[in-house]
Amino acid sequence: MNAPLWVFGYGSLVWNPGFEFSETHVARLKGFHRSFCMRSIHHRGSVEEPGLVLALDAKDGAACEGVAFRVAAGTEEETMAYLRERELVSSAYLETVQPVRLSDGRMVDAVTYIIDPDHDQYCGDLPLEEQAHIITHAVGGRGPNTEYLFNSAGHLADLGIVDEELSWLSRRVREIQSAVSEANPTD
(Lines give C-alpha, C1' and ligand atoms only; values in the text may rest on other atoms or scores of the structure.)
Protein backbone atom coordinates (compact mmCIF):
# COMPACT_ATOMS: atom_id res chain seq x y z
CA MET A 1 0.00 0.00 0.00
CA ASN A 2 1.46 3.35 -1.05
CA ALA A 3 -0.29 5.76 1.33
CA PRO A 4 -1.26 5.18 4.95
CA LEU A 5 -4.87 4.18 5.60
CA TRP A 6 -6.86 6.66 7.66
CA VAL A 7 -10.30 6.11 9.21
CA PHE A 8 -12.57 8.93 10.41
CA GLY A 9 -14.57 8.21 13.56
CA TYR A 10 -17.39 10.38 14.85
CA GLY A 11 -19.37 8.08 17.20
CA SER A 12 -18.49 4.71 18.68
CA LEU A 13 -15.26 4.47 16.67
CA VAL A 14 -13.98 7.38 18.79
CA TRP A 15 -14.21 5.36 22.01
CA ASN A 16 -14.13 1.81 20.66
CA PRO A 17 -12.20 1.67 17.38
CA GLY A 18 -11.53 -2.08 17.56
CA PHE A 19 -8.46 -1.97 15.33
CA GLU A 20 -4.76 -1.18 15.66
CA PHE A 21 -3.70 2.37 14.89
CA SER A 22 -0.40 4.22 15.01
CA GLU A 23 -1.59 7.82 15.18
CA THR A 24 -4.74 9.77 16.05
CA HIS A 25 -5.80 13.37 15.62
CA VAL A 26 -8.92 15.36 16.20
CA ALA A 27 -10.11 15.97 12.64
CA ARG A 28 -12.75 17.95 10.78
CA LEU A 29 -14.92 16.74 7.91
CA LYS A 30 -16.82 19.32 5.88
CA GLY A 31 -20.23 18.79 4.29
CA PHE A 32 -21.66 16.44 6.93
CA HIS A 33 -23.11 16.67 10.41
CA ARG A 34 -23.26 14.03 13.15
CA SER A 35 -26.77 13.07 14.26
CA PHE A 36 -28.86 10.20 15.56
CA CYS A 37 -30.36 9.69 12.11
CA MET A 38 -30.05 5.90 11.83
CA ARG A 39 -32.35 3.36 13.44
CA SER A 40 -30.32 0.58 15.04
CA ILE A 41 -31.86 -2.85 14.70
CA HIS A 42 -28.72 -4.81 15.61
CA HIS A 43 -26.20 -3.16 17.95
CA ARG A 44 -28.30 -0.69 20.03
CA GLY A 45 -31.86 -1.81 19.36
CA SER A 46 -33.87 -4.56 17.75
CA VAL A 47 -36.21 -4.96 14.81
CA GLU A 48 -39.11 -4.84 17.28
CA GLU A 49 -37.79 -1.80 19.18
CA PRO A 50 -35.13 0.04 17.15
CA GLY A 51 -32.63 2.23 18.89
CA LEU A 52 -30.71 5.11 17.35
CA VAL A 53 -27.05 5.41 16.43
CA LEU A 54 -25.00 8.26 15.11
CA ALA A 55 -24.40 8.70 11.43
CA LEU A 56 -23.01 11.37 9.19
CA ASP A 57 -25.75 13.08 7.22
CA ALA A 58 -24.83 15.29 4.26
CA LYS A 59 -25.61 18.95 4.87
CA ASP A 60 -24.40 22.01 2.98
CA GLY A 61 -22.25 24.27 5.12
CA ALA A 62 -21.96 21.73 7.95
CA ALA A 63 -18.82 20.26 9.45
CA CYS A 64 -18.22 17.42 11.87
CA GLU A 65 -15.34 17.09 14.28
CA GLY A 66 -14.22 13.60 15.15
CA VAL A 67 -11.07 11.52 15.30
CA ALA A 68 -8.86 10.40 12.42
CA PHE A 69 -7.03 7.14 13.05
CA ARG A 70 -3.96 6.17 11.05
CA VAL A 71 -4.25 2.40 10.74
CA ALA A 72 -1.15 0.50 11.87
CA ALA A 73 1.01 -0.46 8.91
CA GLY A 74 0.48 -4.05 7.83
CA THR A 75 -3.04 -4.26 9.31
CA GLU A 76 -4.91 -2.43 6.55
CA GLU A 77 -6.70 -5.45 5.05
CA GLU A 78 -7.62 -6.87 8.44
CA THR A 79 -8.88 -3.44 9.57
CA MET A 80 -11.05 -2.96 6.49
CA ALA A 81 -12.55 -6.45 6.88
CA TYR A 82 -13.32 -5.68 10.52
CA LEU A 83 -14.85 -2.28 9.72
CA ARG A 84 -17.01 -3.69 6.95
CA GLU A 85 -18.34 -6.42 9.22
CA ARG A 86 -19.05 -3.88 11.96
CA GLU A 87 -20.33 -0.89 9.98
CA LEU A 88 -22.03 -2.48 6.98
CA VAL A 89 -24.11 -5.02 8.92
CA SER A 90 -27.37 -3.66 7.48
CA SER A 91 -26.18 -1.62 4.49
CA ALA A 92 -27.50 1.63 6.02
CA TYR A 93 -24.00 3.11 5.95
CA LEU A 94 -22.10 3.81 2.77
CA GLU A 95 -18.35 3.30 2.81
CA THR A 96 -16.72 6.41 1.35
CA VAL A 97 -13.35 8.12 1.33
CA GLN A 98 -13.53 11.76 2.43
CA PRO A 99 -10.92 14.51 2.84
CA VAL A 100 -10.47 15.44 6.50
CA ARG A 101 -8.30 18.12 8.07
CA LEU A 102 -6.20 16.90 10.99
CA SER A 103 -5.59 19.06 14.05
CA ASP A 104 -1.99 19.56 12.89
CA GLY A 105 -3.25 21.10 9.62
CA ARG A 106 -2.61 18.18 7.29
CA MET A 107 -5.31 17.02 4.89
CA VAL A 108 -5.74 13.25 4.54
CA ASP A 109 -8.25 11.02 2.80
CA ALA A 110 -10.05 8.86 5.34
CA VAL A 111 -12.44 5.93 5.09
CA THR A 112 -15.68 7.40 6.40
CA TYR A 113 -19.05 5.74 6.92
CA ILE A 114 -21.98 7.99 6.02
CA ILE A 115 -25.72 7.31 6.11
CA ASP A 116 -27.58 6.27 2.99
CA PRO A 117 -30.57 8.65 3.07
CA ASP A 118 -32.53 6.23 0.87
CA HIS A 119 -32.15 3.31 3.32
CA ASP A 120 -35.18 2.35 5.42
CA GLN A 121 -33.16 2.78 8.65
CA TYR A 122 -32.57 6.46 7.87
CA CYS A 123 -34.59 8.73 10.15
CA GLY A 124 -33.20 12.23 9.72
CA ASP A 125 -35.10 15.13 11.26
CA LEU A 126 -36.47 13.23 14.28
CA PRO A 127 -37.13 15.80 17.00
CA LEU A 128 -34.54 15.69 19.80
CA GLU A 129 -37.22 14.88 22.40
CA GLU A 130 -38.29 11.82 20.40
CA GLN A 131 -34.64 10.79 20.04
CA ALA A 132 -34.20 11.03 23.82
CA HIS A 133 -37.15 8.73 24.51
CA ILE A 134 -36.02 6.15 21.95
CA ILE A 135 -32.44 6.15 23.29
CA THR A 136 -33.66 5.84 26.89
CA HIS A 137 -35.49 2.57 26.25
CA ALA A 138 -33.71 0.73 23.40
CA VAL A 139 -31.32 -2.18 23.95
CA GLY A 140 -29.45 -4.17 21.30
CA GLY A 141 -26.80 -6.81 20.87
CA ARG A 142 -24.05 -4.50 22.09
CA GLY A 143 -26.01 -3.16 25.04
CA PRO A 144 -28.25 -0.26 26.01
CA ASN A 145 -28.66 2.66 23.64
CA THR A 146 -27.97 4.97 26.60
CA GLU A 147 -24.45 3.50 26.95
CA TYR A 148 -23.76 4.38 23.31
CA LEU A 149 -24.99 7.95 23.79
CA PHE A 150 -23.14 8.56 27.06
CA ASN A 151 -19.87 7.06 25.78
CA SER A 152 -20.01 8.99 22.52
CA ALA A 153 -20.87 12.31 24.16
CA GLY A 154 -18.39 11.83 27.01
CA HIS A 155 -15.44 10.87 24.84
CA LEU A 156 -16.07 13.71 22.39
CA ALA A 157 -16.25 16.17 25.30
CA ASP A 158 -12.99 14.75 26.72
CA LEU A 159 -11.36 15.55 23.37
CA GLY A 160 -12.70 19.12 23.51
CA ILE A 161 -15.22 18.46 20.75
CA VAL A 162 -18.42 20.39 21.42
CA ASP A 163 -21.63 18.82 20.12
CA GLU A 164 -24.64 20.69 21.47
CA GLU A 165 -27.18 18.07 20.36
CA LEU A 166 -25.31 15.24 22.07
CA SER A 167 -24.92 17.31 25.23
CA TRP A 168 -28.64 18.11 25.25
CA LEU A 169 -29.57 14.48 24.60
CA SER A 170 -27.31 13.27 27.41
CA ARG A 171 -28.93 15.65 29.90
CA ARG A 172 -32.45 14.84 28.71
CA VAL A 173 -31.96 11.06 28.76
CA ARG A 174 -30.64 11.30 32.34
CA GLU A 175 -33.74 13.35 33.28
CA ILE A 176 -36.02 10.70 31.75
CA GLN A 177 -34.12 7.90 33.51
CA SER A 178 -34.40 9.76 36.81
CA ALA A 179 -38.15 10.29 36.36
CA VAL A 180 -38.63 6.60 35.55
CA SER A 181 -36.59 5.60 38.63
CA GLU A 182 -38.62 7.92 40.88
CA ALA A 183 -41.89 6.54 39.48
CA ASN A 184 -40.74 2.92 39.95
CA PRO A 185 -38.59 2.78 43.12
CA THR A 186 -37.08 -0.59 43.96
CA ASP A 187 -37.34 -1.94 47.47
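Draft legend 1. Inspection of the side chain of Thr 96 at higher detail. Checked against the element boundaries, Thr 96 lands in strand β4 (residues 93-102). Judged by relative accessible area, which is 17%, Thr 96 ranks as buried. Discounting residues that sit within four places of it in the chain, Thr 96 has contacts with Ala 110, Val 111, Thr 112 and Ile 114.

Draft legend 2. Examining the pattern of salt bridges more closely. Scanning the entire structure with this criterion turns up nine salt bridges. For Glu 23, the salt bridge identified is with Arg 106, shortest N-O distance 2.6 Å. In this pair, Glu 23 is assigned in strand β2 (residues 21-40) and Arg 106 in the loop between β4 and β5 (107-115), connecting sequence segments 83 residues apart. Put simply, Arg 44 and Glu 147 hold a salt bridge, and the shortest N to O gap is 2.8 Å. Placement of Arg 44 in the loop between β2 and β3 (51-71) and of Glu 147 in helix α4 (residues 145-158) is noted, with a sequence separation of 103 residues between them. Using a relative accessible area of 5% as the deciding quantity, one classes Arg 44 as buried. Through salt bridges with shared partners, one network takes in Glu 23, Arg 70, Asp 104 and Arg 106.

Draft legend 3. The arrangement of helix α5 (residues 164-183) in detail. With 20 residues, α5 extends 29 Å from end C-alpha to end C-alpha; this agrees with the ideal 28 Å at 1.5 Å per step. Leu 166, Leu 169, Ser 170, Val 173 and Ile 176 are the residues of α5 that are buried. Considered in projection along α5, the buried side chains sweep an arc of 135° and stay on one side of the axis. Seen from the open side of α5, the exposed residues pointing more than 90 degrees away from its buried face are Glu 164 and Glu 182. Lining the buried residues of α5 we find β2, β3, α3 (128-137) and α4. For α5, the N-terminal cap is Asp 163; the gap from its side-chain oxygen to the backbone nitrogen of Glu 165 is 3.2 Å.

Parameters at a glance
Residues numbered from 1 in each chain as written. Predicted model: local features only at pLDDT ≥ 70, side-chain atom pairs only at ≥ 80, totals over all residues. Heavy atoms only, no water. Helix = DSSP H or I, 4+ residues; strand = E, 2+ residues; numbered from the N terminus. Buried < 20%, exposed > 50% of the residue type's maximum accessible area, 1.4 Å probe, protein only. Contact = heavy atoms within 4.5 Å. Salt bridge = Lys/Arg side-chain N within 4 Å of Asp/Glu carboxyl O. Expected span 1.5 Å × (residues − 1). Arc of directions from axis to C-beta. Polar contact = N/O pair within 3.5 Å; in protein donor to acceptor, adjacent residues only side chain to side chain.

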